Amino acid sequence: MVEITETTMYIFWAAAIILFGVAEAVTAQLVSIWFLIGAIAALIAAFFGANLIIQIIVFIAVSILALVITRPLVKKYINPKKEHTNADRVIGQVGIVAEDIDNIRATGQVKANGKIWTARATDNSIIPSGCEVIIEKIDGVKLIVKNKQ
């Protein structure tokens, strides 16, 4: 059985700090920074003579606290940016139904802005070919439209 000494714990927490630091450095997102902070706190606790149980509690508590405090900030600044396109300029325009729109059968196309789009009705009504529709929104690659009448 290995005896756990102060020196052993210093080495353990230093190794944990290095491990979590390397893991953080090789990933594109924050995955282990919270554990790195917890390991630093546990190493400090070890330097002040805390026993093994206290060191583990400090590691877990500080890691969780760091996660809870920093996660909202990280999400705010690292959130992937949405790629804006000019497709949304068709919203509010009038289009012509090129193929009957039937949400139940998942059919329907609208010609808008010189292009043919897959379309669905806002109210699940069937809109026949040739009708004018107003484009309410875009859902993925589908136009969501309502009958102009």
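Note that the structure is a prediction, hence the values are computed from the model and not measured.

Engineer: I'd like a rundown of the packing of aromatic side chains, residues and numbers included.
Structural biologist: The final tally for this structure, using the stated rule, is 6 aromatic pairs. Ring geometry for phenylalanine 20 versus phenylalanine 59: centroids 6.3 Å apart, planes at 15°, classification stacked. Pair noted here: phenylalanine 20 is in helix α1 (residues 6–26) and phenylalanine 59 is in helix α3 (residues 52–78), with a separation of 39 residues, a long-range link. By the burial criterion, phenylalanine 20 is buried, and phenylalanine 59 matches it. In this structure an aromatic cluster arises from ring pairing among Phe12, Trp13, Phe20, Phe35 and Phe59.

Engineer: Summarise the side chain of glutamine 55; cite the residues concerned and give the values.
Structural biologist: Position of glutamine 55 among the secondary structure elements: in helix α3. With relative accessibility at 3%, the residue glutamine 55 sits in the buried group. For glutamine 55, the side chain forms a polar contact with the main-chain oxygen of alanine 50, separated by 2.7 Å. If near-sequence neighbours (up to four positions away) are discounted, glutamine 55 is found in contact with Met9, Trp13, Ala42, Ala45, Ala46 and Ala50.

Engineer: If you had to explain a nonpolar patch on the surface to someone new, which residues and values would you point to?
Structural biologist: Where nonpolar side chains cluster on the molecular surface, the patch consists of Ile4, Leu52, Ile56, Ile60, Ile64 and Val68 and spans about 510 Å² of accessible area. Considering the arrangement of structural elements, one finds isoleucine 4 in the segment before α1.

Engineer: Explain the packing of α1 against helix α2 (residues 33–47) to me, using residue names and the numbers behind them.
Structural biologist: One way to put it is that α1 packs onto α2 with a least axis distance of 9 Å and a crossing angle of 165°. When the axes of α1 and α2 are compared, the pair comes out roughly antiparallel. Crossing of α1 over α2 shows left-handed handedness. Each of Tyr10, Trp13, Ala16, Ile17, Phe20, Gly21 and Glu24 in α1 lies in contact with α2, whose residues at this interface are Ile33, Phe35, Leu36, Ala39, Ile40, Ala42, Leu43, Ala46 and Phe47.

Engineer: Tell me about the pairing of strand β5 (residues 142–147), and name the residues and values.
Structural biologist: Judged from the 4 bridges that link them, strand β3 (residues 115–121) and β5 form a sheet pairing that is parallel. Note that in β5 the partner of threonine 118 across the bridge is lysine 142. Bridging between strand β4 (residues 132–139) and β5 involves 6 bridges; their strand directions are antiparallel. Note that in β5 the partner of aspartate 139 across the bridge is lysine 142.

Engineer: An account of the nonpolar core is needed here, citing residue identities and associated values.
Structural biologist: Of all hydrophobic cores here, the largest spans 14 residues; its most connected members are Val97, Ile101, Val110, Ile127, Leu143 and Val145. If you list the elements that add at least two residues to this core, you get β1 (94–102), β2 (107–112), β3, β4 and β5. Broken down by element, this core gets its largest block of residues, 3 residues, from β3. Here isoleucine 127 is in contact with Val97, Asp100, Ile101, Ala121, Val133, Val145, Lys146 and Asn147, once residues within four sequence places are set aside. The next biggest cluster of nonpolar side chains, apart from the first, holds 11 residues, and it includes Met9, Leu43, Ala46 and Phe59.

Calculation rules
- Residues numbered from 1 in each chain as written.
- Predicted model: local features only at pLDDT ≥ 70, side-chain atom pairs only at ≥ 80, totals over all residues.
- Heavy atoms only, no water.
- Phe/Tyr/Trp six-rings, centres within 6.5 Å; stacked < 30°, edge-to-face > 60°.
- Helix = DSSP H or I, 4+ residues; strand = E, 2+ residues; numbered from the N terminus.
- Buried < 20%, exposed > 50% of the residue type's maximum accessible area, 1.4 Å probe, protein only.
- Polar contact = N/O pair within 3.5 Å; in protein donor to acceptor, adjacent residues only side chain to side chain.
- Contact = heavy atoms within 4.5 Å.
- Patch = residues over 30% accessible without salt bridge, like charges linked within 9 Å, V, L, I, M, F, W, Y side chains within 5 Å.
- Areas by Shrake-Rupley, 256 points an atom, 1.4 Å probe, with all protein chains shown as cover.
- Salt bridge = Lys/Arg side-chain N within 4 Å of Asp/Glu carboxyl O.
- Axes fitted to C-alpha atoms, helices over the stretch in contact; angles between N-to-C directions.
- Parallel < 35°, antiparallel > 145°, perpendicular 65-115°, else oblique.
- Left-handed = near helix turned anticlockwise from the far one by under 90°.
- Pairing = 2+ DSSP bridges.
- Core = buried A, V, L, I, M, F, W, Y, C linked by side-chain atoms within 4.5 Å.

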